[in-house]
Amino acid sequence: STAASFSWAFHLLNGHPEVMARLREEIDTVLEGRRPTAGDLPRLTYSRLVVLEVLRLYAPSYWMQRRAEMADEIDGFHIPAGSIVAPMIHLVHYHPEIWENPTRFDPERFTPERSAGRHKQAWIPFGVGHRRCIAEEFSIVKGQLLLVQILQRFR
């Protein structure tokens, strides 16, 4: 999943030179040529936004399987207890009622101002609930640090 996410990240950055320029400016300003450390993460804010947006557009998994604990109704459809329900992550991440211009690569959609009021389950590349990926934050930090280090060395 890391390799796929990086492939998509570089594909998106290649097609959005304004995002790449802003990301490189942050890297140069914050790090001044040195390697990043965990202590730099709070100041590498734009790189985190880029990682979050890549994961929204191209989540490592496209669906998650769950068993309905009790009978329910979703959008007029009866769901019997014990049924398998498989929400499609891609459909949530591209839903136009949740995301403005959902197909557009826009890392700034994850700024605190634009994220305020967004449903907590609108972004679910690592799943949701008690089966949510335990390595979510580790994966984001790893992605952020790798992205920064790769962009420091390559154009």
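Being a predicted model, the structure only gives us computed values, none of them experimental.

Parameters and conventions
- Residues numbered from 1 in each chain as written.
- Predicted model: local features only at pLDDT ≥ 70, side-chain atom pairs only at ≥ 80, totals over all residues.
- Heavy atoms only, no water.
- pLDDT = per-residue confidence, 0-100.
- Helix = DSSP H or I, 4+ residues; strand = E, 2+ residues; numbered from the N terminus.
- Phe/Tyr/Trp six-rings, centres within 6.5 Å; stacked < 30°, edge-to-face > 60°.
- Lys NZ or Arg CZ within 6 Å of the ring centre and 35° of its normal.
- Patch = residues over 30% accessible without salt bridge, like charges linked within 9 Å, V, L, I, M, F, W, Y side chains within 5 Å.
- Areas by Shrake-Rupley, 256 points an atom, 1.4 Å probe, with all protein chains shown as cover.
- Salt bridge = Lys/Arg side-chain N within 4 Å of Asp/Glu carboxyl O.
- Buried < 20%, exposed > 50% of the residue type's maximum accessible area, 1.4 Å probe, protein only.
- Lys, Arg positive; Asp, Glu negative; His and termini not counted.
- Polar contact = N/O pair within 3.5 Å; in protein donor to acceptor, adjacent residues only side chain to side chain.
- Contact = heavy atoms within 4.5 Å.

Enquirer: Even after reading the chapter, I still don't get the confidence of the model for the protein chain, so can you show me in this structure?
Expert: Detail in the predicted coordinates should be disregarded across regions flagged by low pLDDT. The pLDDT averaged across the protein chain works out to 94; a share of 100% of its residues lies at or above 70. Mean pLDDT values for the elements of the protein chain range from 90 in strand E1 (residues 66-67) up to 98 in helix H3 (residues 45-57).

Enquirer: Teacher, can you tell me more about the packing of aromatic side chains here?
Expert: Tallied over the full model, the rule gives five aromatic pairs. Through a chain of ring-to-ring contacts, three or more aromatic side chains come together here, namely Trp-99, Phe-110, Trp-123 and Phe-126. Note that Arg-56 overlies the ring of Trp-99, its terminal NZ or CZ placed 5.1 Å from the centroid. Lying across the ring of Phe-110, Arg-118 places its NZ or CZ 5.5 Å from the centre.

Enquirer: Can you walk me through a nonpolar patch on the surface in this structure?
Expert: The grouping of Tyr-62, Trp-63, Met-88 and Leu-91 at the surface amounts to a nonpolar patch, some 420 Å² of accessible area in total. Summarising the element assignment, Met-88 is placed in the loop between strand E4 (84-85) and helix H4 (89-93).

Enquirer: What exactly am I supposed to notice about the side chain of Arg-24 here?
Expert: When you line up the elements, Arg-24 lands in helix H2 (residues 17-31). Buried and unpaired, Arg-24 has Asp-28 as its nearest opposite-charge partner, separated by 6.5 Å. A distance of 2.9 Å separates a polar side-chain atom of Arg-24 from the backbone oxygen of Phe-154. Sequence-distant contacts of Arg-24, defined by excluding residues within four places in its chain, comprise Leu-151, Phe-154 and Arg-155.

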